[in-house]
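# Breakdown of the fold
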Amino acid sequence: MNKLFRPIILAAFLLLTVQCQNRTGRPAGSSAADDTLVHHAELLSIVRHDSYTDVAVTNPWDTTRLLHRYLLVPRNEKLPAHLPQGTVVRTPLDNSLVYSSVHASALDLLGALDCIGGVCDLAYIKTPALLDRARRGKLVDAGNSMNPDIERVMALSPDAILLSPFENAGYGRIGKMGIPIIECADYLETSPLGRAEWIKLLGLLYGKEAEADSLFFQIEQNYNALKAQTKTFVPRPMVISELKSGSAWYMPGGKSYMARLFADAGGAYPWSDNGESGSIPLAFETVFDRAGEADIWLIKSFNVGQLSYQALQKEYAPYARFKAFREHRIYGCNTAECNYYEETPFRPDLLLQELAALFHPDRFPHYRPRYFQPLPE
């Protein structure tokens, strides 16, 4: 594996290997987004009823089925009779356990940090208010998200647990505690606005519906306005990302989240004709043959400060054959120092602005980079 670049997306986004529970069948061909409250997310449905709100999460690995169904009922109201099958969640939550720094950051946007009683993987948390509470002993550190400290979880007695689901994995003892587990499958959405729209679910869970709706409306407006603007930009620079890892270079599939961002920011992506929504493993020569003349190269790393043109060439000499290397148009994002992974999932408008400014600097002469910086010599 490359010594300079270590894939950390799973460490930053998907901090627990888990499996769905309480699966409910869904007729083939039906969609989880056939509702009036969700318009971009493909895996989330929110339908309001008089005495409860029905939330359905489509199974990302088998979209003919549900991953989970939640029935949100205000905690100060009597439980309705004849509720459909699903996990009852009393809202608003006020003492939750949050596994992922991504969702902790989203709750910070909503002003709901006080409702987080505990977190997993405290080392990945960057939210100052949570770190301060942890230092003062006011926040439970539930340990490693892959093997939470059951005793600490039991002592916290959370009213719900928020985590990111994985395929073919299990919750272990956590899943047997009778605590509602909110499976946040937002990371498996393939569109930036689709993922960001999950903020609406968080708003409903934490009594911040108005704040969530207002925030998403602004994000949507910002994103779509900039996307419309970049459609007129020519030429569209060719863009590639990351580094080879071992024998493979994992590039975003043509239908992936990042490929959509590249296109919406006014870039040309060499694998836009690919039909995959995940990453595609490619040999170095395959990448070079198709994208050796790429104009811009983006690299994310937990220690991007160790990266430089000299270090890249020392690590793997053929990198120097790329046009972006020769013309010094490589940009690095140090995820150890900036909030890229914590911030961008629910603020794709900020990332889109950054990419548009990198791809078309003449159009945004006063923009100051938020995530990506030019690689040093």
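Above: the structure in question.
First, a word on what this report is: a plain description of the structure on this page.

## Notes on the overall build of the chain
On a plain count of helices and strands, the chain comes out with 13 helices and 16 strands. Taken across its 377 residues, the chain has 55% of its residues classed as buried. Contacts in the chain between residues at least 24 apart in sequence constitute 63% of all its contacts with a sequence separation of at least 6. Element-wise, carbon and sulfur atoms account for 49% of the exposed surface of the chain, whose accessible area totals about 16700 Å².

## Re the pattern of salt bridges
Oppositely charged side chains can form a pair if their charged atoms are brought close together. Taken as a whole and assessed by the stated rule, the structure comprises 17 salt bridges. A salt bridge links D132 to R135, with the shortest nitrogen-to-oxygen separation between them at 4.0 Å. You can see D132 and its partner R135 sitting in helix α3 (residues 128–135), 3 residues apart, about one turn around the helix. The partly exposed category is assigned to D132, whose relative accessible area is 32%. In this structure, R326 and E293 form a salt bridge, with 3.6 Å as the shortest nitrogen-oxygen distance. Placement of R326 in helix α11 (residues 323–326) and of E293 in the loop between α9 (284–291) and β14 (296–301) is noted, with a sequence separation of 33 residues between them.

## Section: the nonpolar core
Core analysis: the largest hydrophobic core is formed by 97 residues, its most contacted members being W297 and L298. Per-element tally for this core: the top contributor is helix α13 (residues 348–359), with 7 residues. Excluding residues within four positions of it along the chain, L298 makes contact with V239, I240, S241, E242, F262, Y331, L355, L358, F359 and F372. By size, the runner-up hydrophobic cluster in this structure holds 13 residues, among which are C120, I150, I161 and I179.

## Here's the deal with the sheet that holds strand β9 (residues 181–183)
One open sheet holds the 5 strands; their spatial order is β7-β6-β5-β8-β9, and the pairing between them is parallel. For this open sheet the edge positions go to β7 (140–141) and β9, each flanked by a neighbour on one side alone.

## Section: the packing of aromatic side chains
For the structure shown, the criterion picks out 21 aromatic pairs. Where W249 meets Y319, the ring centres are 5.9 Å apart and the plane angle is 85 degrees; that geometry is what we call edge-to-face. Residue W249 is found in strand β12 (residues 248–252), and its partner Y319 is found in the loop between α10 (309–315) and α11; the two are separated by 70 residues along the sequence. Per residue, the accessibility class of W249 equals that of Y319, and both read buried. An angle of 75 degrees between the planes, with centres 5.1 Å apart, marks the rings of F284 and Y316 as edge-to-face. With F284 in helix α9 and Y316 in the loop between α10 and α11, this pair connects stretches of sequence that are 32 residues apart. Its relative accessible area of 27% is what places Y316 among the partly exposed residues. Here the basic side chain of K244 rests over the ring of Y316, its NZ or CZ set 4.6 Å away from the ring centre. Across from the ring centre of F288, 4.1 Å away, lies the NZ or CZ of R321, which sits over that ring.

## Notes on unusual backbone geometry
In this chain, T91 is followed by P92 through a cis amide linkage whose omega measures 0 degrees. As for its placement among the helices and strands, P92 is situated in the loop between β4 (87–91) and β5 (96–98). With an omega of -5 degrees, the peptide bond running from V234 to P235 counts as cis. Within the element layout of this structure, P235 appears in the loop between α7 (209–230) and β10 (239–241).

## Notes on the packing of α7 against α13
Axis separation between α7 and α13 bottoms out at 8 Å; the angle between their running directions is 25 degrees. Of the possible angle classes, the one that applies to α7 and α13 is roughly parallel. Judged by the sense of rotation from one axis to the other, the crossing of α7 with α13 is left-handed. Contact residues: α7 offers I219, N222, Y223, L226, K227 and T230, while α13 offers P348, D349, L352, Q353 and A356. Grouping the amino acids of the contact of α7 with α13 by side-chain chemistry returns 6 nonpolar, 3 polar and 2 charged.

## Brief notes about the environment of Y309
Considering the arrangement of structural elements, one finds Y309 in helix α10. You can call Y309 buried: its relative accessible area is 4%. Separated by 10 residues in the primary sequence, Y309 and Y319 have C-alpha atoms spaced 9.2 Å apart. Once residues lying within four places of it in the same chain are set aside, the contact partners of Y309 are A324, F325, H328, R329, I330, L375, P376 and E377. From its side chain, Y309 meets the backbone nitrogen of R329 in a polar contact 3.3 Å long. At a separation of 3.1 Å, a polar atom in the side chain of Y309 contacts the main-chain amide nitrogen of I330.

What counts, and at which threshold
Residues numbered from 1 in each chain as written. Predicted model: local features only at pLDDT ≥ 70, side-chain atom pairs only at ≥ 80, totals over all residues. Heavy atoms only, no water. Helix = DSSP H or I, 4+ residues; strand = E, 2+ residues; numbered from the N terminus. Buried < 20%, exposed > 50% of the residue type's maximum accessible area, 1.4 Å probe, protein only. Contact = heavy atoms within 4.5 Å. Areas by Shrake-Rupley, 256 points an atom, 1.4 Å probe, with all protein chains shown as cover. Salt bridge = Lys/Arg side-chain N within 4 Å of Asp/Glu carboxyl O. Core = buried A, V, L, I, M, F, W, Y, C linked by side-chain atoms within 4.5 Å. Pairing = 2+ DSSP bridges. Phe/Tyr/Trp six-rings, centres within 6.5 Å; stacked < 30°, edge-to-face > 60°. Lys NZ or Arg CZ within 6 Å of the ring centre and 35° of its normal. Axes fitted to C-alpha atoms, helices over the stretch in contact; angles between N-to-C directions. Parallel < 35°, antiparallel > 145°, perpendicular 65-115°, else oblique. Left-handed = near helix turned anticlockwise from the far one by under 90°. Nonpolar A, V, L, I, M, F, W, Y, C, P; charged D, E, K, R; others polar. Polar contact = N/O pair within 3.5 Å; in protein donor to acceptor, adjacent residues only side chain to side chain.

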